[in-house]
Amino acid sequence: MDTVFRNARVVDGSGGPSYRADVALAAGRIAEIRRPGDGPRPTARRVVEADGLALSPGFIDMHAHSDLALLRDPAHTAKAAQGVTLEVIGQDGLSYAPVDDRTLAAVRAQITGWNGDGADIDFTWRTVAEYLGRLDQGIAVNAAYLLPQGTIRALVVGWEDRPATAAETGRMKRLVAEGLAQGAVGLSSGLTYTPGMYATDAELTELCRVVAAYDGYYCPHHRSYGKGALAAYEEMIALTRRAGCALHLAHATMNFGVNEGRAPELLALLDSALAAGADISLDTYPYTPGCTTLAAMLPSWAGAGGPEAVLARLRDDATAERIRYAMETEGADGCHGVPIDWEAIEISGVAHPHLAADHVGRTVARAARERGEEPWATARRLLIEDRLGPTILQHVGHEENVRTIMRHRVHTGGSDGILHGAKPHPRAYGTFPHYLGRYVRELGVLSLEECVAHLTSRPAARLRLPDRGLVRVGQRADLVLFDPETVAAGATFEAPRTLPTGIPYVLIAGRFVMEDGRRTDVLAGRAVRRTAGP
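Every value quoted in this text rests on a predicted model; they were computed, and no experiment measured them.

Parameters at a glance
- Residues numbered from 1 in each chain as written.
- Predicted model: local features only at pLDDT ≥ 70, side-chain atom pairs only at ≥ 80, totals over all residues.
- Heavy atoms only, no water.
- Helix = DSSP H or I, 4+ residues; strand = E, 2+ residues; numbered from the N terminus.
- Rg over C-alpha atoms; globule rule 2.2 N^0.38 Å.
- Buried < 20%, exposed > 50% of the residue type's maximum accessible area, 1.4 Å probe, protein only.
- Contact = heavy atoms within 4.5 Å.
- Phe/Tyr/Trp six-rings, centres within 6.5 Å; stacked < 30°, edge-to-face > 60°.
- Pairing = 2+ DSSP bridges.
- Axes fitted to C-alpha atoms, helices over the stretch in contact; angles between N-to-C directions.
- Parallel < 35°, antiparallel > 145°, perpendicular 65-115°, else oblique.
- Left-handed = near helix turned anticlockwise from the far one by under 90°.
- Nonpolar A, V, L, I, M, F, W, Y, C, P; charged D, E, K, R; others polar.
- Core = buried A, V, L, I, M, F, W, Y, C linked by side-chain atoms within 4.5 Å.
- Salt bridge = Lys/Arg side-chain N within 4 Å of Asp/Glu carboxyl O.
- Polar contact = N/O pair within 3.5 Å; in protein donor to acceptor, adjacent residues only side chain to side chain.

As for the overall build of the chain
Here is step 1 of the chain: Looking only at helices and strands, the chain features 18 helices and 20 strands.
Here is step 2 of the chain: Over its C-alpha atoms the chain spans a radius of gyration of 23 Å, differing by no more than 12% from the 24 Å that the globule rule assigns to 534 residues.
Here is step 3 of the chain: In terms of principal-axis extent, the alpha carbons of the chain reach across some 80 × 55 × 45 Å.
Here is step 4 of the chain: Counting the 534 residues in the chain, one finds 64% classified as buried.
Here is step 5 of the chain: For the chain, the share of sequence-separated contacts (at least 6 apart) that also reach a separation of at least 24 residues comes to 75%.

Pasting the structure below:
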């Protein structure tokens, strides 16, 4: 044996009762589990005394924005220190494969606020296979990839606000099939982000039929999380039922004032669909504020044509006034149909550092007051000067909704963590220990065993990964050892890059990624591919 953990409290990911055992590892897998009285204790080259620690499967982050961070930062301590051993990237319909040169340049500009502009990245890939090959060279944690529907639409249709032609839809379907054959696990959409939001339901249904043929899943950031949230959930459920495709609802929160206390309505909708045979899961993060880009708040018509066209509209006074009216009075679709509250929009990062001092950590309303101008004037100028780069925290959530949704039987954990920016959302560094410390130990919203199942076996089942997500003999030794009495998120809104406490050991394929609470130099992560074909 390579390693044995003695007298650990095994929280095996099934949701069943925990138990005491010695767990031995060999060749990157769990080789033996020996409970007290089962016979001689296993021996190994290395023995870790785990009394007082819980041993669980590695946590799976079902919604991550580490598409470039995995390449930029080999340590990737933000996720490794949380016990994350697998991230699902390619989220919200926008990522970096498949692309051509033109599309790559536009996408890099579009999501600078999520990942930086990528000037430090060698973009040698264009296909999904090539991107996954780059990840296979060695990364901090494992990564699975969702095909980004918005990027695919930009590649085929461009950034125009119009329906795809039959020929264009056919080409997009071929690209989806190719990407799935090359290892993607499904398809994502960002239906409040351009250009993905310009797709009709008929177009999305055709793409989802291809996803279903490969036994993948569809992961939409749907068309509204605000005024039209329940209708948007219903739309995605109906669409995937027509396509025969599994559905995973991204960051399935019920935000904004119009949805306070309405989480039970969402869950009733899901329960009805599940009872009728739908294959549905969802993820959430255990915080109330959201995080995205400032440009995402703009109305969809303002995004037609791509980033340069957006900047041209912002520079034109008459068009900028139309944008302001749509955002502040009508409720733009970019802000989920709700008139924007500038007091709730906090600037969390900018692309150009010289803009940080006057903006980062301030709400748009506060920054405007300091300058003696209206909030839209501040937001407009910042978007132009930072070339659509600002990221924001949007303080619009409801704690009771967060707690209600995380109890549901199809719930999984997803950080939605944007690592870029001077003041990121603490969920990027704290989601998984925050579940265990705040919502298990302090509040008792979930038992320890239930919570671990939400973070391990449930996402592994969605990803169709039969050898992950449980502590069982033969499973991959992607494991976390944590102290249930002390585990906690160190990250706060004031200090968002603080690492968690109470997670001394994290292993991927039996190799120590975190040891005694410190990041090792091990790069055991690789791309995780789906192998099912049509």
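Looking at the packing of aromatic side chains
Here is step 1 of the chain: Under the defined criterion, the tally for this structure stands at 13 aromatic pairs.
Here is step 2 of the chain: Between F59 and F482, the ring centres sit 6.3 Å apart and the planes meet at 50°, which makes this aromatic pair tilted. Residue F59 is located in strand β6 (residues 59-61), and its partner F482 is located in strand β17 (residues 479-482); the two are separated by 423 residues in the primary sequence.
Here is step 3 of the chain: Looking at F482, the relative accessible area reads 0%, which means it is buried.

Digging into the sheet that holds strand β11 (residues 246-249)
Here is step 1 of the chain: Sheet architecture is open: 8 strands sit in the order β6-β7-β8-β9-β10-β11-β12-β16, paired in parallel fashion. Of all the strands in the sheet, just β6 and β16 (411-413) have a single pairing partner and so form its edges. In this sheet, adjacent strand axes meet at a mean angle of 25° when their direction is disregarded.
Here is step 2 of the chain: In the sheet, β11 pairs with strand β12 (residues 280-284) via 3 bridges, with the strands oriented parallel. The residue bridging L247 from the neighbouring strand is I280, located in β12.
Here is step 3 of the chain: The strands that helix α5 (residues 128-135) touches are β7 (84-89) and β8 (142-148); relative to β8, the one it contacts most, it runs at about 160°.
Here is step 4 of the chain: Along the sheet, helix α6 (residues 149-156) contacts β8 and β9 (186-190); its crossing angle with β8, the most-contacted strand, is approximately 45°.

Considerations on unusual backbone geometry
Here is step 1 of the chain: Residue P98 is reached from A97 by a cis peptide bond, and omega for that bond is 0°.
Here is step 2 of the chain: Among the structural elements, P98 can be located in the loop between β7 and α3 (101-110).
Here is step 3 of the chain: Omega for the peptide link from T194 to P195 comes to 0°, which places this bond in the cis form.
Here is step 4 of the chain: Tracing the backbone shows P195 in the loop between β9 and α8 (201-213).

What about the pairing of strand β2 (residues 19-26)?
Here is step 1 of the chain: Judged by how many residues are buried, β2 sits mostly within the fold: 6 of 8 residues are covered.
Here is step 2 of the chain: Where strand β1 (residues 3-10) meets β2, 6 bridges bridge the pair, whose relative direction is antiparallel. Opposite R9, over in β2, you have R20 as the bridge partner.
Here is step 3 of the chain: Pairing geometry for β2 and strand β3 (residues 29-34), over 5 bridges, is antiparallel. From the neighbouring strand, V23 faces β3, where its bridge partner is I33.
Here is step 4 of the chain: Counting the residues in the hairpin turn of β2 and β3 gives 2 residues, including A27, whose phi is positive at 55°.

Focus: the sheet that holds strand β14 (residues 345-349)
Here is step 1 of the chain: Spatially, the 3 strands line up as an open sheet ordered β13-β15-β14, and their pairing is antiparallel. In this open sheet, the two strands that pair with only one neighbour each are β13 (290-293) and β14. The average undirected angle you get between the axes of adjacent strands in this sheet is 35°.
Here is step 2 of the chain: As paired strands, β13 and strand β15 (residues 391-394) are joined by 4 bridges and run antiparallel to one another.

Focus: the packing of α3 against α6
Here is step 1 of the chain: Where α3 meets α6, the axes come as close as 9 Å, and the angle between the chain directions of the two elements is 135°. Here α3 lies oblique to α6, going by the angle between them. As α3 runs across α6, the sense of the crossing is right-handed. Counting all contacts with α3, which are made through R102, T103 and V107, the residues of α6 involved are T151, A154 and L155.
Here is step 2 of the chain: Of the residues assigned to the contact of α3 with α6, the class counts are 3 nonpolar, 2 polar and 1 charged.

Side note on the nonpolar core
Here is step 1 of the chain: Within the largest apolar cluster, 156 residues are counted, with the highest numbers of intra-cluster contacts made by L135, Y218, W342 and F482.
Here is step 2 of the chain: Formed by 19 residues, the second largest nonpolar core is a distinct cluster that contains V23, V48, L53 and F512.

Describing the packing of helix α15 (residues 399-406) against helix α16 (residues 427-442)
Here is step 1 of the chain: At their nearest, the axes of α15 and α16 sit 13 Å apart, and the two run at 100° to each other. By the angle class used here, α15 and α16 are roughly perpendicular. Each of E399, V402, R403 and M406 in α15 lies in contact with α16, whose residues at this interface are Y435, R438 and Y439.
Here is step 2 of the chain: Here the contact of α15 with α16 is built from residues that sort into 4 nonpolar, no polar and 3 charged.

A look at the pattern of salt bridges
Here is step 1 of the chain: All chains considered together, the criterion is met by 44 salt bridges.
Here is step 2 of the chain: For D317, the salt bridge is made with R380, and the minimal N-O distance between the two is 2.7 Å. Of this pair, D317 sits in helix α12 (residues 317-330) while R380 sits in helix α14 (residues 375-385), placing them 63 residues apart in sequence.
Here is step 3 of the chain: Classification of D317 as exposed rests on a relative accessible area of 55%.
Here is step 4 of the chain: For R371, the salt bridge is made with E373, and the minimal N-O distance between the two is 3.4 Å.
Here is step 5 of the chain: Taken together, the shared-partner salt bridges in this structure form one network comprising R29, D467, R468, R476 and D478.

Topic: the pairing of β8
Here is step 1 of the chain: Where burial is concerned, most of β8 is hidden: 7 out of the 7 residues are buried.
Here is step 2 of the chain: In terms of strand pairing, β7 meets β8 through 4 bridges, oriented parallel. Looking at the pairing, V88 lines up with A144 of β8.
Here is step 3 of the chain: Pairing analysis gives 3 bridges linking β8 to β9, with the strands arranged parallel. The residue bridging P148 from the neighbouring strand is S188, located in β9.

Overview of the environment of R381
Here is step 1 of the chain: Mapping R381 onto the fold places it in helix α14.
Here is step 2 of the chain: Note: C-alpha distance between R381 and L266 (115 residues apart in sequence) is 38 Å.
Here is step 3 of the chain: When neighbours within four sequence positions are excluded, R381 is seen to be in contact with H359, R371 and E373.
Here is step 4 of the chain: At 2.8 Å, the side chain of R381 forms a polar contact with the side chain of E373.

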